[in-house]
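Below are the chains, spelled out letter by letter.
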Amino acid sequence: MPIAPNEYYHVYNRGVEKRRIFLDKKDRERFLRLLYLANGEKPYVLRLVQGLPLNEIDVGKRQAAIGAYVLMPNHFHILFKETREGGISAFMEKLQTGYAMYFNKKYERVGALFQGTFKAQHVSRDEHLEYLFAYIHLNPVKIVEPKWKEQGVKNPEDVQRYLESYRYSSYPEYVETPREESVILTKDAFPEYFSERHDFKDFLDDWFSYSSEHTENS
């Protein structure tokens, strides 16, 4: 689909044949670093910046603005704003190529890692954009409660603790947890739905409640 400047997009991809693309902690950490490094206009050599905190690495002007993301065992989601023409496509090519090269070398495999280039869904309505902040950040709930959407959340407190401990999404940035990965996001390119920490947590709690009530009444 054509990607237009100043528009929002939900971008996602999964492993070829639905295979797992993150097998251990180091895989996820590599992808997180690439979310920042691949989004700059400047070229980078990963081995030269391997030990540096992300906020000490100058990547130049961003290719696109990232508002939210999550890594799951066999797929990922990213919420983008196209801030310069061709930015999202350029970023995704660098991201997926760089990660596939790392993964194939590490696990001694050949061939495609992802199902095609990437999928992009245009987000034209404000309600849809706000909904995606819940959808993306609640993806990890499936790891601890696989049927929560059908059956509701059984243990809300356990799920909340799990989300707070899950490092492989932008959830920490929205509950104001300091960490070096914060530089991945460009929050000011997106509407200010969550000006306070409790706004975001209340927003997700509402989704938990809605799911549980909908299940009980269905």
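In this text, all values refer to a predicted model and were calculated from it rather than measured experimentally.

Criteria and cut-off values
Residues numbered from 1 in each chain as written. Predicted model: local features only at pLDDT ≥ 70, side-chain atom pairs only at ≥ 80, totals over all residues. Heavy atoms only, no water. Helix = DSSP H or I, 4+ residues; strand = E, 2+ residues; numbered from the N terminus. Rg over C-alpha atoms; globule rule 2.2 N^0.38 Å. Contact = heavy atoms within 4.5 Å. Buried < 20%, exposed > 50% of the residue type's maximum accessible area, 1.4 Å probe, protein only. Pairing = 2+ DSSP bridges. Polar contact = N/O pair within 3.5 Å; in protein donor to acceptor, adjacent residues only side chain to side chain. pLDDT = per-residue confidence, 0-100. Axes fitted to C-alpha atoms, helices over the stretch in contact; angles between N-to-C directions. Parallel < 35°, antiparallel > 145°, perpendicular 65-115°, else oblique. Left-handed = near helix turned anticlockwise from the far one by under 90°. Nonpolar A, V, L, I, M, F, W, Y, C, P; charged D, E, K, R; others polar.

Participant: How do you make sense of the overall build of the chain when you look at a structure like this?
Facilitator: If you tally the helices and strands in the chain, you get 9 helices and 4 strands. For the chain, the α and β elements follow one another from N to C terminus as β-α-α-β-β-α-β-α-α-α-α-α-α. Taking 218 residues into account, the globule formula puts the C-alpha radius of gyration at 17 Å, and the chain, at 17 Å, falls close to it. Along the first, second and third principal axes, the C-alpha set of the chain runs to 55 × 40 × 35 Å. Restricting the contact set of the chain to residue pairs at least 6 apart, pairs at least 24 apart contribute 69%.

Participant: Could you clarify how one ought to interpret the pairing of strand S2 (residues 65-72) in this entry?
Facilitator: Within S2, 8 of the 8 residues are buried, which leaves the element mostly enclosed by the surrounding structure. In terms of strand pairing, S2 meets strand S3 (residues 75-81) through 7 bridges, oriented antiparallel. Bridge assignment links Ala68 to a residue of S3, and that residue is Leu79. Between the antiparallel neighbours S2 and S3 lie 2 residues.

Participant: Sorry, what's going on with the side chain of Asn74 here?
Facilitator: By secondary structure assignment, the location of Asn74 is in the loop between S2 and S3. Assessed through its relative accessible area of 17%, Asn74 is described here as buried. From its side chain, Asn74 meets the backbone oxygen of Lys18 in a polar contact 3.2 Å long. In this structure the side chain of Asn74 is engaged in a polar contact, spanning 2.8 Å, whose partner is the side chain of His75. Among residues more than four places away in sequence, those in contact with Asn74 are Arg14, Gly15, Lys18, Arg19, Arg20 and Ile21.

Participant: What should I look at first to understand the confidence of the model for the chain in this one?
Facilitator: When pLDDT is averaged along the chain, the result is 90, and 95% of the positions lie at 70 or above. With pLDDT under 50 throughout, residues 214-218 is counted as low confidence; its partners more than four residues away or in other chains account for 4 contacts.

Participant: What is the right way to read the packing of helix H1 (residues 25-37) against helix H3 (residues 87-106) from this model?
Facilitator: If you want to describe how two helices pack, look at the angle between their axes and the distance between the axes. Interhelical geometry of H1 versus H3 gives an angle of 155° and a closest axis separation of 10 Å. It follows from the interaxial angle that H1 and H3 lie roughly antiparallel. Between H1 and H3 lies a crossing of right-handed hand. Across the interface between the two elements, Lys26, Asp27, Arg30, Phe31, Leu34, Leu35 and Leu37 from H1 touch Phe91, Lys94, Leu95, Gly98, Tyr99, Tyr102, Phe103 and Lys106 from H3. Within the contact of H1 with H3, the residues separate by chemical class into 9 nonpolar, 1 polar and 5 charged.

Participant: In this structure, what is going on with the sheet that holds S2? I would like to understand it.
Facilitator: The strands that make up a sheet pair up through hydrogen bonds in the backbone, lying either parallel or antiparallel. Taken in spatial order, the 4 strands of this open sheet run S2-S3-S1-S4, and their pairing is antiparallel. Because the sheet does not close on itself, it has two edges, and the strands there are S2 and strand S4 (119-123). With strand direction ignored, the average angle separating the axes of adjacent strands in the sheet is 15°. As defined by bridge partners, strand S1 (residues 8-14) adjoins S3 across 7 bridges and the pair is classed as antiparallel. Each bridged residue has a counterpart across the sheet, and for Val11 the counterpart in S3 is Ile78. Most of the contacts of H1 go to S2, to which it runs at about 170°, and overall it touches S2 and S3.

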